[in-house]
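Descriptive structure summary
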Amino acid sequence: MIIEKLEIKKYQSSLNGELKFMDAEISQEDCEKMINRLVSWKLGPLTPTRHFEMVYNTEKKEAELDVYVSVPFPKSSENPIHTVKHVSNKLTGFLDLYEKCFEDIYGIKR
């Protein structure tokens, strides 16, 4: 797995996190299995808003994933560091789930 991008940006009303990575160890056949297992991540509580996109690039022979998390920016009286940590935790939580799903499908730990 190669992480291409991990970023959190502040907008006027929200903090948006994005994680982009590729995985050449997953097969095209198992890509759909992985998507079905990962769908639970985006079906959790509605806050923060989150989703992912996973496609298999047949030319590069690797799965490509884009993960997004959006949290409303805190009121001025609240500490924004907690919100940044929350976004970061959701992105790393996705990576943890991805690794667990990979382990379940292939029976190996990376």
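See the structure above.
Residues numbered from 1 in each chain as written. Predicted model: local features only at pLDDT ≥ 70, side-chain atom pairs only at ≥ 80, totals over all residues. Heavy atoms only, no water.

1. Quick notes on the side chain of D30
Our working rule: Numbering of helices and strands runs from the N terminus, with a helix taken as a DSSP run of H or I at least four residues long and a strand as a DSSP run of E at least two residues long. The cut-offs for exposure are 20% and 50% of the maximum accessible area for each residue type, with area from a 1.4 Å probe on protein chains only; residues under the lower value are buried, those over the upper are exposed, and the others partly exposed. By definition, residues are in contact when any of their heavy atoms lie within 4.5 Å.
Relative to the helices and strands, D30 is located in helix α1 (residues 28-42). For D30, a relative accessible area of 11% puts it in the buried group. When sequence neighbours within four positions are dropped, the list of residues in contact with D30 reads I105 and Y106.

2. What about the nonpolar core?
The test is simple: The term nonpolar core refers to a set of buried residues drawn from Ala, Val, Leu, Ile, Met, Phe, Trp, Tyr and Cys, joined through side-chain atoms within 4.5 Å.
One finds M34, L38, M54, F94 and Y98 to be the most contacted residues of the largest nonpolar core, which totals 23 residues. When contributions to this core are tallied by element, the ones reaching two or more residues are β2 (14-23), α1, β3 (49-57), β4 (62-72) and α2 (80-106). Counting residues per element, this core draws most heavily on α2, which supplies 8 residues.

3. A word on the packing of α1 against α2
Test applied: In this analysis, axes come from line fits to C-alpha atoms, helices being fitted only over the stretch in contact, and the angle between any two N-to-C directions falls in the range 0 to 180 degrees. For this classification, under 35 degrees means roughly parallel, over 145 means roughly antiparallel, 65 to 115 means roughly perpendicular, and everything else is oblique. Note on convention: the crossing is left-handed when the near helix lies turned anticlockwise from the far helix by less than a right angle, right-handed when the turn is clockwise. Classes in brief: Ala, Val, Leu, Ile, Met, Phe, Trp, Tyr, Cys and Pro nonpolar; Asp, Glu, Lys and Arg charged; the others, Gly included, polar.
It is at 10 Å that the axes of α1 and α2 come closest, and there the two elements cross at 135 degrees. Regarding the angle of α1 to α2, the classification is oblique. The two elements α1 and α2 meet at a crossing, and its hand is right-handed. Side by side, α1 and α2 meet where D30, K33, M34, R37, L38, S40 and W41 of the first sit next to K90, G93, F94, L97, Y98, C101, F102, D104, I105 and Y106 of the second. Taken together, the residues of the contact of α1 with α2 sort by class into 10 nonpolar, 2 polar and 5 charged.

4. A word on α1
Definition in use: Expected helix span is computed as 1.5 Å times (number of residues minus one). Here the bend at each residue means the angle between axes fitted to two seven-residue stretches, the one ending at that residue and the one beginning there.
With 15 residues, α1 should cover 21 Å at 1.5 Å per step; its first-to-last C-alpha distance of 22 Å lies within 8% of that length. At N36, α1 shows its maximal kink, close to 25 degrees. Within α1 the residues assigned to the buried category are D30, C31, M34, L38 and W41. Residues of α1 that are buried make contact with β3, β4 and α2.

5. Considerations on the state of the cysteines
Threshold: In plain terms, two cysteine sulfur atoms within 2.5 Å form what is called a disulfide here.
Tallied over the entire structure, the rule returns 0 disulfides. Counting only cysteine sulfurs, C31 is the nearest neighbor of C101, a cysteine outside any disulfide, at a range of 12 Å. In this structure C101 comes out as buried when scored by relative accessible area, which is 4%.

6. What to know about the environment of P74
Considering the arrangement of structural elements, one finds P74 in the loop between β4 and α2. For the pair P74 and S13, spaced 61 residues apart in the sequence, the C-alpha separation amounts to 8.4 Å.

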